[in-house]
Amino acid sequence: MNIVVCVKQVPAKDAPLAIPEGAAWIRETDIGFELNEPDGYALEEALRLKEKHGGEVVAVSMGPERSKQAIKEALAKGAERGVHISDDKFYELDPLGSARCLAAAIKREKFDLVLTGLQSDDHGFGQTGVLLAELLGLPHATIIMQIDAADGRLKLKRELEAGWFQWVELPLPAVLSIQSGINKPRYATLKGIMAAKKKEIATLTRAELGVTVSPTQRIERIYVPKKTKKTEILTGTAKEAAAKLVEKLKHEARVL
Amino acid sequence: MATTTTTASQSVARGGSFLVESPRPEDVFTPADINDEQKLIAQTTSEFINDEVVPLIDDLEHHKPGVMIGLLKKAGALGILGGAIPEEYGGAGLDKVSSTLLSEQLAAYGGFSVTHGGHSGIGTIPIVYFGTEEQKKKYLPKIASAELISCYCLSEPQAGSDAQALRTRADLSKDGKQWILNGQKMWITNGNYADLFVVFAKVDGDKISCFLVEKGTPGFSVGAEEKKMGIKGSSTTALSFENAPVPKENLLHEIGRGHIVAFNTLNAGRFSLGCYCLGGVKRTIEVSSKYSKERTAFGKQLAEFGLIRQKLAEMAIRAFALESMIYRSAGMMDAFMASAETGTNKTQHMMKALEEYAIESSISKVYGSEALDFAVDEGVQIFGGYGYHEDYPVARAYRDSRINRIFEGTNEINRMLIIQMLMKRAMGGVLPLIPKAMKLMEEILAGPSFEEGSGDAFAEEERMVANAKKVFLLTSGSAVQKLRDKLAEPEHQEVVAALSNIAMDAYAMESSLLRVQKAAARRGAGDVGVMSAAMRAFLFDAADRIEHEARTVLGAVAEGDMLRTQMMALKRFSKREPGNPIALRREVATAVLAGDRYPFEYR
Ligand SMILES: Cc1cc2nc3c(=O)[nH]c(=O)nc-3n(C[C@H](O)[C@H](O)[C@H](O)COP(=O)(O)OP(=O)(O)OC[C@H]3O[C@@H](n4cnc5c(N)ncnc54)[C@H](O)[C@@H]3O)c2cc1C
Ligand SMILES: Cc1cc2nc3c(=O)[nH]c(=O)nc-3n(C[C@H](O)[C@H](O)[C@H](O)COP(=O)(O)OP(=O)(O)OC[C@H]3O[C@@H](n4cnc5c(N)ncnc54)[C@H](O)[C@@H]3O)c2cc1C
């Protein structure tokens, strides 16, 4: 089973973020980057499927030069090849634009399955995988908790609300968005890291992929939410205070 | 392997040459030059230590049977134990920068990093560098996987710093097939669960030699676990040999050449020790910074108090200087390795590298252990009473840190070694210390010249660094002139230690400055603001320390007119702009607090 796994590089979880005045993206100098955590689960799932069914795993990542690190991590953990869509302005893309680029790169591959994480830790659109499936014209399912592959079909366990699960079946090829926590991602061994140096990373640009994107959505501004905390003590007897509280909930908070 | 990013421009610098040469920023390796693979090695190690080891600290501190061994096996499977072992013997054959990163990460738990150092460092290196092909094939793959746990057995109850006074003896059996060992060893890291013991003993009375002793050897026994102040998770025991027979082929290297094995191994061990300490300082900064925001006093977070910010800043500043030195040295070792002509035996060449940079390795050890002791002490202080309680990890870090100034050669011994090695290189003509000192004397006698500032953004700092080196030349020259061979005698140790402090601070100053200059060239001067503040604050204090040490030296070795002339020269070399270290530290503290971490990683 040939599997493409989409891996994104995102700012490290504990990186101190700074937003330049009026900017629509964070300042990237001085912060660390890491593999998008949900994609780590998708990668692990891809590696396990390959180990069970044979085939190869190709890691695809879009972003500036630094994002190759996400591919290298995938290669160190056992992916066979990498495809880097080199794009310094990728953060300006809306999910549809990202999905278009990814789809164009993935179409060049012979694959049976495409795996994505559930969402990215930076933008958190939660749509790229789904859009990708649409652009590839393939069936898809999201929030995957378990994958059983047999005879060219997938039996999938999806997580629903409130502790409910759902089993669905899909034919291959397909696109799946993997739920975080589905597995325990492996470590990259030092041997794996050395071996990865000899593995191929192909580099493509948007132009080479023939993708032109006109954003349908644009980030206007990003900002840190202002912490506003106003404590008001309602005085009077319990009965009076309760009455005042109801009043406030009705007319100020408008939750009643 | 060749993960080094060393570019062709990085010329191979001689060990100790920092005192007589002025490399360009692009000639030195800095953490910003660490490549993707090297970062992945750090990442794997960090994930391993934080996910697998840290949750088990309680069990490890109480020596719960099997826990440490289990972790070592896991570490082995990931390749973390085989950094020093060439790939053909099952190791990872890491370059120095990679193994530096690895050591730093392991410092998240002192009990583990010491165990790692005993096994993968000083317990492995003797076999890698001095083993026969059979010995390497037999032991190294099993050491890499932790199937065998190794240890280094030099110290004895009566011979610690003075290791060559060891009394353990090895006599050839009557049939000539075995070595019979008799004696005792003390303080052996990993003693309790080691399977392989690299033991130093004397043959024919005075020929120090090295033997590989396996667990279960008759007459060989391991003492009880020592009750230590810290690094309780590591095992430390005495060993005893009573007519213990060791197969003849288990002699490592040659009879009478054991001290070469011992000291080369310690060169490597000392360098790594500084790396563990650097990692320890960074972890201490993290917990201290977080706590300073959680705790309030007088209606404010601790982090809002100037004196707390000063502590956080100073930890980061010392880490910055230490890190700049350590990665510069690691880069020099890797460049030295890369310069090997094809066909050279890589292992032999690595040993030469360790010898070449023995001065830098001792500096890493001394500076690292003292930076960590400073950091954990201030860490405890930031935690206040809670820092004095075992429920808080800084209390353990405080206890764990203390050993670093003692083992792998005490800091006193290493301070003296630094000067001894420098003098040896000067006398041997390897380092032009003597001609440089003579030239400086001429300069001094010619009287002050008006120095034109270059107008460069770092002109003042460059001058401070150049002056630090001049002060070393001035003071060491004066000391050698007065004391000559007597410099090595016990009654002049204070002078030697002061010279050593000057040399170390000069290396730290220059490495910090070159790193900032390299970053500024790469990213623009506007983008290195905080780093530059850290460097400036460091230089400000280091220049003071150097002046102080220099006065101490000159006062002891010069007198009369000579003393007056030299003091005037010192005054000239100590001249500098006023500076505002309080403001600089505030800037650094803000950066620490912004992310609750050491703010210059990979920069
Ligand atoms: C941060 C985050 C948190 C999440 N939390 C949860 C959670 O707690 N529980 C959970 O179950 N999932 C959760 N999800 C999953 C999320 O619902 C999906 O990943 C994502 O919305 C895409 O879902 P989907 O492809 O299943 O499309 P759907 O959610 O099925 O639909 C996408 C869109 O298609 C349109 N559409 C679909 N069906 C119809 C219809 N019959 N008629 C008209 N329009 C239709 C609607 O516009 C709809 O919004 C979460 C996702 C994220 C990113
Ligand atoms: C936890 C722990 C783990 C250890 N692990 C190992 C190990 O794995 N293998 C191993 O072989 N050893 C190990 N050691 C031993 C360690 O290397 C020695 O303790 C160390 O070298 C100091 O020797 P000593 O204890 O005999 O102190 P001493 O040599 O007695 O020194 C006492 C003091 O005198 C000073 N001093 C000694 N000589 C001089 C001098 N010439 N000039 C000035 N000052 C001097 C020292 O600096 C020190 O301050 C370990 C020790 C400890 C505590």
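Here the structure is a predicted model, which is why all the values come from computation and not from measurement.

**A word on the overall build of chain B**
Link 1 in the chain: Within chain B, the secondary structure is distributed over 19 helices and 10 strands.
Link 2 in the chain: Taken against the 2.2 N^0.38 rule, which gives 25 Å for 603 residues, the C-alpha radius of gyration of chain B at 24 Å falls within 12% of a compact globule.
Link 3 in the chain: Each principal axis of the C-alpha atoms in chain B carries an extent, and together these give about 75 × 60 × 45 Å.
Link 4 in the chain: Long-range contacts, defined here as pairs at least 24 residues apart, represent 78% of the contacts in chain B between residues at least 6 apart.

**A look at the overall build of chain A**
Link 1 in the chain: Secondary structure summary: chain A contains seven helices and 11 strands in total.
Link 2 in the chain: If you line up chain A on its principal axes, its C-alpha atoms span 75 × 45 × 40 Å.
Link 3 in the chain: Within the span of chain A, comprising 256 residues, buried residues form 38% of the whole.
Link 4 in the chain: At a minimum sequence separation of 6, the contacts of chain A that also span at least 24 residues come to 69%.

**Brief notes about the sheet that holds strand 6 (residues 113-117) of chain A**
Residue and element names in this part refer to chain A.
Link 1 in the chain: Strand order in this open sheet of nine strands is 9-8-7-10-6-1-4-5-11, and the pairing throughout is mixed. Taken across any chain shown, the strands that pair with only one partner, and hence form the sheet edges, are strand 9 (165-171) and strand 11 (201-205). Put simply, the sheet's adjacent strands are angled 30° from each other on average, direction ignored.
Link 2 in the chain: When strand 6 meets strand 10 (residues 174-178), the two strands line up parallel, connected through five bridges. Residue valine 114 lies in a different strand from strand 10, and its bridge partner there is valine 175.
Link 3 in the chain: Docked against the sheet, helix 1 (residues 37-53) engages strand 1 (3-6), strand 4 (57-63), strand 6, strand 7 (140-150) and strand 10, running at close to 150° with respect to strand 6.

**Observations concerning the domain arrangement of chain B**
Residues and elements named next belong to chain B.
Link 1 in the chain: In terms of domain boundaries, chain B breaks down into domain 1 (17-148), domain 2 (151-258), domain 3 (259-409) and domain 4 (413-584).
Link 2 in the chain: Relative to domain 4, the C-alpha centre of domain 3 lies at a distance of 23 Å.
Link 3 in the chain: Tallying the contact residues gives 16 residues for domain 3 and 16 residues for domain 4.
Link 4 in the chain: For the side of domain 3 that touches domain 4, the secondary-structure elements that each account for two or more residues are helix 9 (306-338) and helix 11 (358-383).

**Thoughts on the packing of helix 15 (residues 459-483) of chain B against helix 16 (residues 493-523) of chain B**
Residue and element names in this part refer to chain B.
Link 1 in the chain: Axis separation between helix 15 and helix 16 bottoms out at 9 Å; the angle between their running directions is 160°. Considered as vectors, helix 15 and helix 16 are oriented roughly antiparallel to each other. Two packed elements cross with a definite hand, and for helix 15 against helix 16 that hand is left-handed. Taken together, the residues of helix 16 that come into contact with helix 15 (itself represented by Glu461, Glu462, Met464, Val465, Ala468, Lys469, Val471, Phe472, Thr475, Ser476 and Ala479) are Val495, Leu499, Ile502, Ala503, Asp505, Ala506, Met509, Glu510 and Leu513.

**What to know about the interface of chain A and chain B**
Quoted interface sizes are often the accessible area lost when the parts come together.
Link 1 in the chain: Between chain A and chain B, the contact holds 19 residues from the first and 19 residues from the second.
Link 2 in the chain: Mapped by element, the contributors of at least two residues to the side of chain A that touches chain B are helix 2 (68-77) and helix 5 (190-196) of chain A.
Link 3 in the chain: A total of five residues in the side of chain A that touches chain B trace back to one element, the largest contributor, which is helix 2 of chain A.
Link 4 in the chain: Of the residues assigned to the side of chain A that touches chain B, the class counts are eight nonpolar, four polar and seven charged.

**Here's the deal with the site of ligand 2**
All names here are of chain B.
Link 1 in the chain: Taken together, 20 residues sit near ligand 2, with Gly160, Ser161, Trp187, Thr189 and Thr410 positioned nearest.
Link 2 in the chain: Counting residues per element, the ones that place at least two in the shell around ligand 2 are strand 1 (150-153), strand 3 (178-189) and helix 13 (411-427).
Link 3 in the chain: Counted by class, the shell around ligand 2 contains 10 nonpolar, eight polar and two charged residues.
Link 4 in the chain: Counting contributing residues per domain, the shell around ligand 2 is built from domain 2 (151-258) and domain 3 (259-409), each supplying no fewer than three.

**Let's talk about the packing of helix 13 of chain B against helix 16 of chain B**
Residues and elements named next belong to chain B.
Link 1 in the chain: At a minimum axis separation of 8 Å, helix 13 and helix 16 run at an interaxial angle of 80°. Considering the angle they form, helix 13 stands roughly perpendicular to helix 16. Two secondary-structure elements touch here, helix 13 through Arg415, Met416, Ile418, Ile419 and Leu422 and helix 16 through Gln493, Val496, Ala497, Leu499, Ser500 and Ala503.
Link 2 in the chain: For the contact of helix 13 with helix 16, the residue count by class is eight nonpolar, two polar and one charged.

**Brief notes about the confidence of the model for chain B**
Link 1 in the chain: Here chain B averages 95 in pLDDT, and 97% of its residues register 70 or above.
Link 2 in the chain: Here residues 1-10 of chain B is a poorly scored stretch, pLDDT under 50, and it has 27 contacts once near neighbours within four places are set aside; other chains count.

**Overview of unusual backbone geometry**
Working note: non-glycine residues mostly have negative phi, and peptide bonds are mostly trans.
Link 1 in the chain: Put simply, leucine 172 of chain A and proline 173 of chain A share a cis peptide bond, and its omega is -10°.
Link 2 in the chain: Note that proline 173 of chain A resides in the loop between strand 9 and strand 10.
Link 3 in the chain: Positive phi, close to 65°, is recorded for tryptophan 187 of chain B, a residue that is not glycine.
Link 4 in the chain: With respect to the helices and strands, tryptophan 187 of chain B occurs in strand 3.
Link 5 in the chain: The class for tryptophan 187 of chain B is buried, based on 20 C-beta atoms found within 10 Å.
Link 6 in the chain: With phi around 50°, asparagine 243 of chain B is a residue other than glycine that occupies positive phi space.
Link 7 in the chain: Within the element layout of this structure, asparagine 243 of chain B appears in strand 7 (residues 236-247).

**Things to note about helix 18 (residues 560-573) of chain B**
Because an α-helix packs 3.6 residues into every turn, residues spaced three or four apart end up facing the same way.
Residue and element names in this part refer to chain B.
Link 1 in the chain: Helix length check: helix 18 (14 residues) gives 20 Å between terminal C-alpha atoms against 20 Å at 1.5 Å per residue, within 8%.
Link 2 in the chain: Residues Gln566, Ala569, Leu570 and Phe573 constitute the buried set of helix 18. Looking down the long axis of helix 18, one finds its buried residues gathered within 105° of arc, a one-sided arrangement. Of the exposed residues in helix 18, the ones pointing more than 90 degrees away from its buried face are Gly560, Asp561, Arg564 and Lys571.
Link 3 in the chain: Considering only its buried residues, helix 18 is in contact with helix 14 (433-445), helix 15 and helix 17 (529-557).

**Things to note about the nonpolar core**
Link 1 in the chain: By size, the foremost hydrophobic cluster in this structure holds 250 residues, and its most contacted members are Val5 of chain A together with Phe211, Ala316, Ala534 and Val588 of chain B.
Link 2 in the chain: With 19 residues, helix 9 of chain B is the single largest residue contributor to this core.
Link 3 in the chain: Contact partners of alanine 534 of chain B, with chain neighbours within four places excluded, come to Ala316, Ile317, Phe320, Val588 and Phe600 of chain B.

**Side note on the pairing of strand 4 of chain A**
All names here are of chain A.
Link 1 in the chain: Counting buried residues in strand 4 gives seven out of seven residues, a clear majority hidden from the surface.
Link 2 in the chain: Every second residue of strand 4 is oriented toward a common face, with Val57, Ala59, Ser61 and Gly63 on one face and Val58, Val60 and Met62 on the other, all of them buried.
Link 3 in the chain: Inspection of the sheet shows strand 4 paired to strand 5 (residues 81-86) by six bridges, in the parallel sense. Pairing of glycine 63 across the sheet is with serine 86, part of strand 5.
Link 4 in the chain: In this fold, strand 4 hands off to helix 2, which returns the chain to strand 5; that crossover is right-handed.

**Details of the pairing of strand 3 of chain B**
All names here are of chain B.
Link 1 in the chain: Across four bridges, the pairing between strand 2 (residues 169-172) and strand 3 is antiparallel. When the sheet's bridge partners are listed, arginine 169 is paired in strand 3 with asparagine 182.
Link 2 in the chain: In this antiparallel pair of consecutive strands, strand 2 and strand 3, the connection spans five residues, and glycine 176 shows a positive phi of 75°.
Link 3 in the chain: Of the strand pairs in this sheet, strand 3 and strand 7 are connected by nine bridges, and their pairing is antiparallel. Residue pairing across strands places glutamine 184 opposite serine 240, the latter belonging to strand 7.

Here is what the cut-offs are and how they apply
Residues numbered from 1 in each chain as written. Chains lettered and ligands numbered in written order. Predicted model: local features only at pLDDT ≥ 70, side-chain atom pairs only at ≥ 80, totals over all residues. Helix = DSSP H or I, 4+ residues; strand = E, 2+ residues; numbered from the N terminus. Rg over C-alpha atoms; globule rule 2.2 N^0.38 Å. Contact = placed C-beta atoms within 7 Å. Buried ≥ 20, exposed ≤ 12 C-beta atoms within 10 Å, placed from the backbone. Pairing = 2+ DSSP bridges. Axes fitted to C-alpha atoms, helices over the stretch in contact; angles between N-to-C directions. Domains from an automatic or database assignment. Parallel < 35°, antiparallel > 145°, perpendicular 65-115°, else oblique. Left-handed = near helix turned anticlockwise from the far one by under 90°. Nonpolar A, V, L, I, M, F, W, Y, C, P; charged D, E, K, R; others polar. Near = placed C-beta within 6 Å. pLDDT = per-residue confidence, 0-100. Expected span 1.5 Å × (residues − 1). Arc of directions from axis to C-beta. Core = buried A, V, L, I, M, F, W, Y, C linked by C-beta atoms within 7 Å. Right-handed = clockwise from strand over helix to strand, strands pointing away.

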